[in-house]
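Coordinates in review
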Amino acid sequence: MTPKVSSPDSSLPAGPVTRFAPSPSGHLHVGGARTALFCWAFANGRNGTFLLRIEDTDQKRSSDAASIGFLNDLDWLGIHWNEGPAFTRPDGTALGGGAHGPYFQSERADTYNRYIEQLIRDGHAYHAFDTPEELDAKRKASLATKTPYRYDRAALQLSPAEVDAHLRAGTPAVVRCRVPAGPIVIKDEILGEATIPAGEVDDFVIRKVDGFPTYHFAVVVDDELMGVTHVLRAQEHFTNTAKHMVLQDALGFRRPTYAHLPLIFNPDGSKMSKRDKDKTLRAAVQQKGLTEPPADLGGAITAEAWKAWFGDKNKQLDFDIAAKLAAILDVTLPEINVDDFRRSGYLPSVVCNFLALNGWSPGENIEKFDLEFLKARFDLSRVQKTPAKFDRVKLLSFNCDAITSMAREEFLRLSIAHGEQFHPAFLKKLTREQFAMLAGASHERSKTLDELFRNNRWVTAADGALTWDDSKNVRKAMLEGTPPGIERLRGLQPTLTALADWSPAALEAAVKLFADANTGGNLGMAAQPLRVAVTGGTVSPPIFDTLAILGKESSLVRISRCLAHFGS
Ligand code: GLU
C-alpha cells in the first residue's frame, strides 16, 4: 500500500484550534467578522489557538489589497490571530507567523498536488477531460427532464492508456473525487445531525483546469495540516461539509468538530448586502428628483451610466462614487463591511460586543461586555440555530453609550485618530486648541466618532464662503419673531465687536446682558440668530463654545455677512 503523506502533528497545542479562512475578494463583511470573533473567543477561552488562513486560490477574485484589508480590519477589531499571516502594524508591532505556514493558500500548491496524487493513486480521484460544452449539454438535458444534474462519471470509461494519452497531449483536465455510494451523516454542534442521502453528492472537482485546487480540497488539506480541531463557519457552508467528510475519509484525515453559525440578516429578513447602499442612494436621488448626475460628482459618472444605474436595482456604483454621492445627498449609507463601520465612527469594542449578540448571548440579560468576558463565556451551546437580525438602532445606542461614558481625553484622542484617517483636511484647518474645544463641546452628543466631522462642517468653511440655505428652520430663526432674528443679531453686533474676552464664559455673560435688556431675558432668542449667522444652520454645539471655537475675527465676519444676506 502507498504510504499516506504524514501530518505534522508535533507542534499542536493542548487546546482547540479554530480557524478563520476568508476568501479575499472585496471587504470583510460583518458576517465574516462575527465568524472570526466566535472562532477567536472559542479558542482563546480554552487555551487554544486561533488561526487565520487566507483562501486565495480563486485567482480571478482574490487580490492582495483585499487580503491586507482583511488583516487590517481584524486587527482593528481586536480579533488577533495567534497563528497566520505575518502582519506588521504602522507602529512596528507585529502579529502572526507560526509553524504551519504558508497561510496563503496560493502558496501551498505543491502540498495540495501531493495529496491529489495520493488520491489518484489510491483510486479515490481521477482525471476528467470533459469539455465545458459537453458538461453544459448534460446539465441542460437534466434540466429538461427535471432531474437534478450529477456528474455521470464519463471519465471513468476511459482506459488507463487513454488517460495517459490525454495527459501527455496536455488536454485540459480537472481532477474529480470519486465519491463512495451511501448516505453521509453530518454531525454539527449547533444544528445537530443531518443525513445527506446517497447520490446527492456527485464526483466533485478537486483540482480545476487552471491547476489550482478547489475550495473543498484546499480547506480539507489545510484544516488537517494546520491541526484544526473545530470548524466554526457560516451555515451556508453546512452542505459543503459532506464533501469535506468524503475527502477526509479518502485521505485518512481526522474529522474536526463542526459548528455552523446562523447567518446575519437585515431586520426585514433580507440579506445584508453591498446593494443596500445603492438602494439608499437611489431612494435619496428619487426624493431629490435628480435626473442627471450632480455637478459635484465632477464628471465621475456619465449621464448614461447614471441613468442605467438608477434604473437597475442590481447595478452598483463604484465605492468612491457612492461615498461622494452620499456626502452630496447628505445621507448615511448602511454599513455592511467592517471598514464601513470604522469609517462611520463606531468603536471596535462596540462592534465586537454587538456582533457577539448576533447569534449568541451570554444569558442573564447581560448585553454589554468586552472581549475578555466573551472569551471567558463563549460557548457553542448558546449559539442559536436561526438567523440573527442586525439591529442598527441598538448598535448605534451601544456606540453612543460607550462614547458618552468615556473620559473627555479619550474622546479627544480617538477623534483625532479618526480625523487623521478619514478627515485629514478638516483636521488640518483647525488648531489643536480649536479641535480640542470642538471635541469637548461635541462629546456628550456624539453617537459616533464621525458625527463631530459630519455635523460641524461650518467650522472649516471659509468665512467668506459660508452660505445660508432657504430652509424653514433658518428662515424662522432669522426672519420671524418680534423683533425678527436679524434685528436681534444687528443689536448684538456692537456688543460682540466690543468684547475683549472671547471665552465661552465672557460671551455668555455679554449675551445674557443683551437678552435681559432686549428679549425679556430669553437667551435662546438672542442666541439662535447668532448660531445661524456663524454656522449657517440651526444645530451646533452650545453657542458660546461655537463662537469661542471660531474665534472673534471669524465670528464677526460671519455675522456681518449674515446681516447683509438677510438684510438685503
Ligand atoms: N473561504 C471560505 C469562505 O470565505 C471559507 C469557508 C470555510 O470556513 O470553510 O467562505
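Residues numbered from 1 in each chain as written. Predicted model: local features only at pLDDT ≥ 70, side-chain atom pairs only at ≥ 80, totals over all residues. Heavy atoms only, no water.

This part is about the overall build of the chain. Each helix and strand in the chain was counted, giving 25 helices and 13 strands. Taken over the C-alpha trace, the chain has a radius of gyration of 31 Å; the compact-globule value for 568 residues is 24 Å, which it surpasses by more than 25%. The C-alpha extent of the chain, read off along each of the three principal axes, is 105 × 55 × 40 Å. When burial is assessed residue by residue, the chain has 48% of its 568 residues classed as buried. The long-range fraction of contacts in the chain, counting pairs at least 24 apart against all pairs at least 6 apart in sequence, stands at 73%. As presented, the chain carries roughly 27100 Å² of accessible surface, and 53% of it is formed by carbon and sulfur atoms. Side-chain charges of the chain comprise 67 positive and 69 negative groups, with the mean position of each set lying 3 Å from the other. (Helix = DSSP H or I, 4+ residues; strand = E, 2+ residues; numbered from the N terminus. Rg over C-alpha atoms; globule rule 2.2 N^0.38 Å. Buried < 20%, exposed > 50% of the residue type's maximum accessible area, 1.4 Å probe, protein only. Contact = heavy atoms within 4.5 Å. Areas by Shrake-Rupley, 256 points an atom, 1.4 Å probe, with all protein chains shown as cover. Lys, Arg positive; Asp, Glu negative; His and termini not counted. Charge placed at Lys NZ, Arg CZ, Asp CG, Glu CD.)

Right, let's talk about the site of the ligand for a bit. As a structural note, the neighbourhood of the ligand is formed by Arg19, Ala21, Pro22, Ser23, Glu55, Tyr215, Val219, Arg233 and His237. Here Ala21 contributes a backbone N or O atom positioned 2.8 Å from a nitrogen atom of the ligand. Within the contact set of the ligand, a nitrogen atom lies 2.8 Å away from a side-chain nitrogen or oxygen of Ser23. (Near = heavy atom within 4 Å. Polar contact = N/O pair within 3.5 Å; in protein donor to acceptor, adjacent residues only side chain to side chain.)

Applying the stated criterion across every chain, the model contains 28 salt bridges. One salt bridge connects Glu55 with Arg53, and the closest N-O pair in it is separated by 2.9 Å. The exposure class assigned to Arg53 is buried, which follows from its relative accessible area of 0%. Between Asp152 and Lys138 there is a salt bridge, with its nearest N and O atoms 2.8 Å apart. You can see Asp152 sitting in the loop between helix H4 (132–144) and helix H5 (160–169) and its partner Lys138 sitting in helix H4, a full 14 residues away along the chain. The network of salt bridges with shared partners includes Arg19, Arg53, Glu55, Arg108, Asp222 and Asp223. (Salt bridge = Lys/Arg side-chain N within 4 Å of Asp/Glu carboxyl O.)

With that settled, the discussion passes to the layout of surface pockets. As a volume, the second largest pocket reaches approximately 790 Å³. Taken together, 26 residues form the lining of the second largest pocket, with Arg454, Asn455, Asn456, Arg457 and Val539 sitting closest to its centre. Secondary-structure elements contributing two or more residues to the lining of the second largest pocket are helix H18 (451–454), helix H19 (457–460) and helix H20 (472–479). Considering each element in turn, the lining of the second largest pocket owes the most residues, three residues, to H18. (1 Å grid on protein atoms, 1.4 Å probe; cavity = no way out; pocket = protein on both sides within 12 Å on 5 of 7 lines; lining within 4 Å. Points joined across faces, edges and corners; volume = space filled by probe spheres on them.)

Right, let's talk about helix H25 (residues 552–567) for a bit. Note on helix geometry: an α-helix contains 3.6 residues per turn, so any two residues three or four positions apart are oriented the same way. Its 16 residues give H25 an end-to-end C-alpha distance of 22 Å, which sits within 8% of 22 Å, the value for a rise of 1.5 Å per residue. Within H25, the full set of buried residues consists of Ser554, Ser555, Leu556, Arg558, Ile559, Cys562, Leu563 and Phe566. Buried residues belonging to H25 abut H19, H20, helix H21 (485–498), helix H23 (523–535) and helix H24 (543–550). (Expected span 1.5 Å × (residues − 1).)

Pairing within the open sheet is antiparallel, and its three strands lie in the order E5-E6-E9. Both edges of this open sheet fall to strand E5 (125–128) and strand E9 (205–207), since each of them pairs with a single strand only. In this sheet, adjacent strand axes meet at a mean angle of 45° when their direction is disregarded. In the sheet, E5 pairs with strand E6 (residues 174–177) via four bridges, with the strands oriented antiparallel. Each residue of the ladder has a partner; that of Ala128, found in E6, is Val174. Set on the sheet, helix H3 (residues 109–121) makes contact with E5, E6 and E9; between it and E9 the angle comes to about 130°. (Pairing = 2+ DSSP bridges. Axes fitted to C-alpha atoms, helices over the stretch in contact; angles between N-to-C directions.)

Here we come to unusual backbone geometry. With an omega of -5°, the peptide bond running from Gly101 to Pro102 counts as cis. Structurally, Pro102 can be placed in the loop between strand E4 (94–97) and H3. Omega for the bond connecting Thr482 with Pro483 falls within 30 degrees of zero, at -10°, which places this linkage in the cis form. Its identity is not glycine, yet Glu364 carries a phi of approximately 55°, on the positive side.

Summing up the model confidence of the chain, the mean pLDDT is 94 and the portion of residues at 70 or higher is 98%. In this model residues 1–8 is a low-confidence stretch, pLDDT under 50, and it forms 14 contacts with partners more than four residues away in sequence or in other chains. (pLDDT = per-residue confidence, 0-100.)

There is a patch of like positive charges on the surface, built from Arg61, Lys274, Arg275 and Lys313. Its location among the elements puts Arg61 in the loop between strand E2 (49–52) and helix H2 (64–77). (Patch = residues over 30% accessible without salt bridge, like charges linked within 9 Å, V, L, I, M, F, W, Y side chains within 5 Å.)

What follows covers the packing of helix H17 (residues 432–442) against H24. When two helices pack together, their arrangement is given by the angle between the helix axes and the distance between those axes. At their nearest, the axes of H17 and H24 sit 9 Å apart, and the two run at 165° to each other. Comparing the axis directions of H17 and H24 gives the class roughly antiparallel. As for how H17 packs across H24, the hand of that crossing is left-handed. Note on element contacts: H24 touches H17 through Asp545, Ala548, Ile549 and Leu550, opposite Gln434, Met437, Leu438 and Ala441. Class assignment of the residues belonging to the contact of H17 with H24 gives a composition of six nonpolar, one polar and one charged. (Parallel < 35°, antiparallel > 145°, perpendicular 65-115°, else oblique. Left-handed = near helix turned anticlockwise from the far one by under 90°. Nonpolar A, V, L, I, M, F, W, Y, C, P; charged D, E, K, R; others polar.)

Okay, the packing of aromatic side chains next. The final tally for this structure, using the stated rule, is 15 aromatic pairs. By the ring-pair criterion, three or more aromatic residues cluster together here, those being Phe38, Trp360, Phe369, Phe373 and Phe378. One residue, Arg46, lies across the ring of Phe42, its end atom 4.0 Å from the ring centre. (Phe/Tyr/Trp six-rings, centres within 6.5 Å; stacked < 30°, edge-to-face > 60°. Lys NZ or Arg CZ within 6 Å of the ring centre and 35° of its normal.)

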